[in-house]
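Below, each chain spelled out in residue letters.
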There are 2 protein chains.
Amino acid sequence: MRIAILGYGNLGRGVELAIKQNADTELVAVFTRRDPSKVKIQTPNIPIVNVAEIVEWKDKIDVLILCGGSATDLPHQTPKFAKLFNVVDSFDTHAKIPNHFANVDTAAKAGGHIAIISVGWDPGLFSLARVYSNAVLPNGKDYTFWGKGVSQGHSDAIRRIKGVKNAKQYTIPIDSALEAVRSGKNPDLTTRQKHLRECFVVLDEGADAKEVERQIKTMPNYFDEYNTTVNFITEEELQRDHSGLAHGGFVIRSGKTGQDDQHNHIVEFNLKLDSNPEFTSNVLVAYARAAYRLNKEGQSGCKTVLDIAPSYLSVKSNEELRAHYL
Amino acid sequence: MRIAILGYGNLGRGVELAIKQNADTELVAVFTRRDPSKVKIQTPNIPIVNVAEIVEWKDKIDVLILCGGSATDLPHQTPKFAKLFNVVDSFDTHAKIPNHFANVDTAAKAGGHIAIISVGWDPGLFSLARVYSNAVLPNGKDYTFWGKGVSQGHSDAIRRIKGVKNAKQYTIPIDSALEAVRSGKNPDLTTRQKHLRECFVVLDEGADAKEVERQIKTMPNYFDEYNTTVNFITEEELQRDHSGLAHGGFVIRSGKTGQDDQHNHIVEFNLKLDSNPEFTSNVLVAYARAAYRLNKEGQSGCKTVLDIAPSYLSVKSNEELRAHYL
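About the thresholds
Residues numbered from 1 in each chain as written. Chains lettered and ligands numbered in written order. Predicted model: local features only at pLDDT ≥ 70, side-chain atom pairs only at ≥ 80, totals over all residues. Heavy atoms only, no water. Pairing = 2+ DSSP bridges. Helix = DSSP H or I, 4+ residues; strand = E, 2+ residues; numbered from the N terminus. Axes fitted to C-alpha atoms, helices over the stretch in contact; angles between N-to-C directions. Contact = heavy atoms within 4.5 Å. pLDDT = per-residue confidence, 0-100. Buried < 20%, exposed > 50% of the residue type's maximum accessible area, 1.4 Å probe, protein only. Phe/Tyr/Trp six-rings, centres within 6.5 Å; stacked < 30°, edge-to-face > 60°. Lys NZ or Arg CZ within 6 Å of the ring centre and 35° of its normal. Core = buried A, V, L, I, M, F, W, Y, C linked by side-chain atoms within 4.5 Å. Lys, Arg positive; Asp, Glu negative; His and termini not counted. Salt bridge = Lys/Arg side-chain N within 4 Å of Asp/Glu carboxyl O. Parallel < 35°, antiparallel > 145°, perpendicular 65-115°, else oblique. Left-handed = near helix turned anticlockwise from the far one by under 90°. Nonpolar A, V, L, I, M, F, W, Y, C, P; charged D, E, K, R; others polar. 1 Å grid on protein atoms, 1.4 Å probe; cavity = no way out; pocket = protein on both sides within 12 Å on 5 of 7 lines; lining within 4 Å. Points joined across faces, edges and corners; volume = space filled by probe spheres on them. Buried area = accessible area lost by both parts, 1.4 Å probe. Polar contact = N/O pair within 3.5 Å; in protein donor to acceptor, adjacent residues only side chain to side chain.

Participant: When you look at the sheet that holds strand 13 (residues 263–273) of chain A in this model, what are you seeing that I'm missing?
Facilitator: Strands belonging to one sheet form pairs held by backbone hydrogen bonds; the direction of such a pair is parallel or antiparallel. With antiparallel pairing, the six strands of this open sheet are ordered in space as 7(A)-12(A)-13(A)-13(B)-12(B)-7(B). The open sheet has two edge strands, strand 7 (140–146) of chain A together with strand 7 (140–146) of chain B, and neither has a second partner. Averaged over all pairs of adjacent strands, the angle between strand axes in this sheet comes to 10 degrees, irrespective of strand direction. Of the strand pairs in this sheet, strand 12 (residues 247–257) of chain A and strand 13 of chain A are connected by eleven bridges, and their pairing is antiparallel. Each residue of the ladder has a partner; that of A:Val251, found in strand 13 of chain A, is A:Phe269. Sitting on the sheet, helix 4 (residues 125–136) of chain B is in contact with strand 7, strand 12 (247–257) and strand 13 (263–273) of chain B, with an inclination near 5 degrees to strand 12 of chain B.

Participant: Any chance you could explain the sheet that holds strand 11 (residues 227–232) of chain B here in plain terms?
Facilitator: Residue and element names in this part refer to chain B. Taken together, the four strands give an open sheet; going across it, the order is 8-9-10-11, and neighbouring strands pair in mixed fashion. A single partner strand is all that each edge strand has here, and the edge strands are strand 8 (149–150) and strand 11. The sheet contact formed by strand 10 (residues 195–203) and strand 11 spans six bridges and is parallel. Along strand 11, the bridge assignment pairs Val201 with Phe232.

Participant: I would appreciate a short explanation of the confidence of the model for chain A in the present structure.
Facilitator: Note: predicted coordinates in regions of low pLDDT should not be interpreted at a detailed level. Taken over all residues, the pLDDT of chain A has a mean of 97, while the share at 70 or more is 100%. Overall fold confidence (pTM) sits at 0.96, and the ipTM for the predicted complex is 0.96.

Participant: What is the right way to look at unusual backbone geometry in this model?
Facilitator: Most peptide bonds are trans, and most residues other than glycine sit at a negative phi. Residue and element names in this part refer to chain A. Between Gly147 and Lys148 the backbone carries a cis peptide bond, its omega angle lying at 0 degrees. Note on placement: Lys148 falls in the loop between strand 7 and strand 8 (149–150). Its identity as a non-glycine residue notwithstanding, Asn221 has a phi of 70 degrees, on the positive side. Inspection of the secondary structure assignment puts Asn221 in the loop between helix 8 (209–217) and strand 11 (227–232). The exposed category is assigned to Asn221, whose relative accessible area is 63%.

Participant: Just to check I follow, could you spell out the packing of aromatic side chains for this structure?
Facilitator: Two aromatic rings are characterised by how far apart their centres lie and by the angle between their planes. Taken as a whole and judged by the stated rule, the model has nine aromatic pairs over all chains. On the numbers, 5.7 Å between centres and 90 degrees between planes, the contact of A:Phe31 with A:Trp57 is edge-to-face. Linking A:Phe31 in strand 2 (residues 26–32) with A:Trp57 in the loop between strand 3 (48–50) and strand 4 (63–66), this pair joins segments that are 26 residues apart in sequence. Plain terms: the ring middles of B:Tyr170 and B:Phe200 are 5.8 Å apart, the flat faces sit at 85 degrees to each other, and that makes the pair edge-to-face. In this pair, B:Tyr170 sits in strand 9 (residues 164–173) while B:Phe200 sits in strand 10, placing the two residues 30 residues apart along the sequence. Its relative accessible area of 11% is what places B:Tyr170 among the buried residues. Grouping aromatic residues by their ring pairs yields a cluster made of A:Trp121, A:Phe126 and A:Phe269. Looking at A:Lys148, its charged tip hangs above the ring of A:Tyr170, at a distance of 4.8 Å from the centre. Residue placement shows B:Lys194 over the ring face of B:Phe145; its charged tip is 5.3 Å from the ring centre.

Participant: For this particular structure, what's the right way to read the nonpolar core?
Facilitator: The nonpolar side chains of soluble globular proteins are, as a tendency, buried together. Judged by nonpolar contacts, the single largest core of 162 residues is most densely connected at A:Phe31, A:Tyr287, B:Phe31 and B:Tyr287. Not counting residues up to four positions away in its chain, the partners in contact with A:Tyr287 are A:Val88, A:Ile116, A:Val119, A:Leu128, A:Val305, A:Ile308, A:Leu313 and B:Tyr132.

Participant: Would you mind going over the side chain of B:Glu16 with me for this structure?
Facilitator: Residues and elements named next belong to chain B. Secondary-structure assignment places Glu16 in helix 1 (residues 10–21). The side chain of Glu16 sits in the buried core without any salt bridge; Lys20 is the nearest counter-charge, 4.8 Å away. Setting aside residues no more than four positions away along its own chain, Glu16 makes contact with Ile5, Tyr8, Leu27, Ile41, Gln42 and Thr43.

Participant: Please explain the packing of helix 2 (residues 74–82) of chain A against helix 3 (residues 97–111) of chain A as it appears in this structure.
Facilitator: A pair of packed helices can be characterised by two numbers: the angle between their axes and the separation between those axes. Residues and elements named next belong to chain A. Close contact between helix 2 and helix 3 brings their axes to 7 Å; oriented N to C, the two are set at 20 degrees. The angle between helix 2 and helix 3 places the two elements in the roughly parallel class. Handedness of the helix 2/helix 3 crossing: right-handed. Judged by residue contacts, Leu74, Pro75, Thr78, Pro79 and Ala82 of helix 2 engage His100, Asn103, Val104, Ala107, Ala108 and Gly111 from helix 3. Residues belonging to the contact of helix 2 with helix 3 are distributed by class as follows: seven nonpolar, four polar and no charged.

Participant: How should empty space enclosed by the protein be read in this particular structure?
Facilitator: A probe matching the size of a water molecule, rolled over the atoms, marks out where space remains unfilled. Under the defined criterion, the tally for this structure stands at one cavity of 30 Å³ or more. In this structure, the largest cavity occupies an estimated 200 Å³ of space. Along the wall of the largest cavity there are 14 residues; nearest its centre are A:Ala129, A:Tyr132, A:Phe269, B:Tyr132 and B:Phe269. Of the residues assigned to the lining of the largest cavity, the class counts are twelve nonpolar, two polar and no charged.

Participant: So what exactly am I meant to see when it comes to the interface of chain B and chain A here?
Facilitator: A common measure of how large an interface is: the accessible area buried when the components associate. Facing 69 residues of chain B, the contacting portion of chain A comprises 69 residues. Of the roughly 5,700 Å² buried between chain B and chain A, counting both surfaces, carbon and sulfur atoms make up 60%. The largest contributions to the chain B side of the interface with chain A come from B:Tyr132, B:Arg322 and B:Leu326, which together make up 14% of the buried area. Where chain B touches chain A, the interface holds 27 residue pairs in polar contact (both at pLDDT 80 or more).

Below is the structure:
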């Protein structure tokens, strides 16, 4: 399977590594909006090409993995390139998925290609956990916890405060809430009871720490409904101790069966990831395999992880899966 | 969706309850090998019919859920009835799945029906967890833990010992092994390090407790490779304290990414079930929905959970799933 990458940031680098872990995938090109001579990748002898020339690669690529951002890149890129290639993206703005799906579906059908959107872990593997667990436990309650991991949106919000030079914000699930859910008590949990927010902040010289802390803790939507801790550190400490990209989370459904709903069942899926972008990249490559296979079967249009049978993701044959994994 | 049940034991009763939890499913008949007048079910006004008459129901049933056992019932029943109906079974003899699949596939294709085999949680949801996690973490290691729950096979083995009147055996995962796996250490675990076996035994009058305990603990394959505890109790205590059908388990994949494999990732799926048969029944009904839909699309043949896209299991529309579950 000949795979190309569009966009060489953390995700693109992760896809490059993921391709090496799979015997049936090969990296054939990296496309960039930058000057290709300024982009250095890890694998030798792979063409680095300006995206303006991508159309010349039409018959040389089986799947194009789009590694741009959900805010401004993917809403345009995915429909545009689904006309030319089978594509996979990690579009993660949950509220805008239906609209993105519609745009991409039209383009992919016009081009006769498969596009798989919103691939990763949330949306992605967490979505699978929600749909499977709801299907098998119709009478129940869903819980999702995120973390421990850095929230980019919350870190950005802190950086916009006057007097803040740099910041990282960790979302941390609260153990007692997790345990209450796992016990089958089906608790009603407030926002404050589910997650803590822990902030590491570097101040501009002469900034008022007390005032910055007050502004963080009272910020509507982002922090006011949470218990938040604020730690002031140096830029060196931030770079040294808080540059990691770890993340994870928990999807739990607690449901009842029995004549009198007397039996409780807990279905839990959880992830503990040292590198959020590298793991997401691995999921993208597995779904690239599915896109390629579905298109070879003659299918086209937009799909999500919910539309794709698990066997399409595996390098192993159906016979092998039935014999050893079922 | 008109569903019928064949076989009214714990699983059949569970399916009857599960059908009530789903707005789009309706129980239309229960088939039995027993005298129908001797079978009492929970729902009023449902025909209870001898299985000899099942062919008359050919056009009155959308999916037949087979609730027999894997040892002697399903190897014959599933191919036989896949000729007449869409069927779902919970065939769980892992080593014999390829052969069962081949037999059922031929029959289902001849009849123009869909048959979904090996539905439940292991095989079933655990198989899904294994295939998804292997696809997204090609460089890693799989771990499965079962329990805490009663193992029927091990309980039966104890009952065959001379001097034993009755027995229940619990398989219990060892917490320290689970924690070692979750820590990302990728330990090599022996059989003894993964599970404990706890036995509750009722002796015949005058039986030699010491000798029974020795025979249990040294029994090849079943107990000799485990740390086993044996508790002698009365029949009343066994009935009172050990009649539950709770079970569960953990599927964990621990895998590496990164230029130097420096990043570890843990993907975990776990179940904690108060009633093993009722939960399994709920999974059967979700896959009955898939069987019905696939057949309506014109498909036929044998499928497993690995061949079926998650959206087929949900009562919700694809639009609704994308908007609220993705």
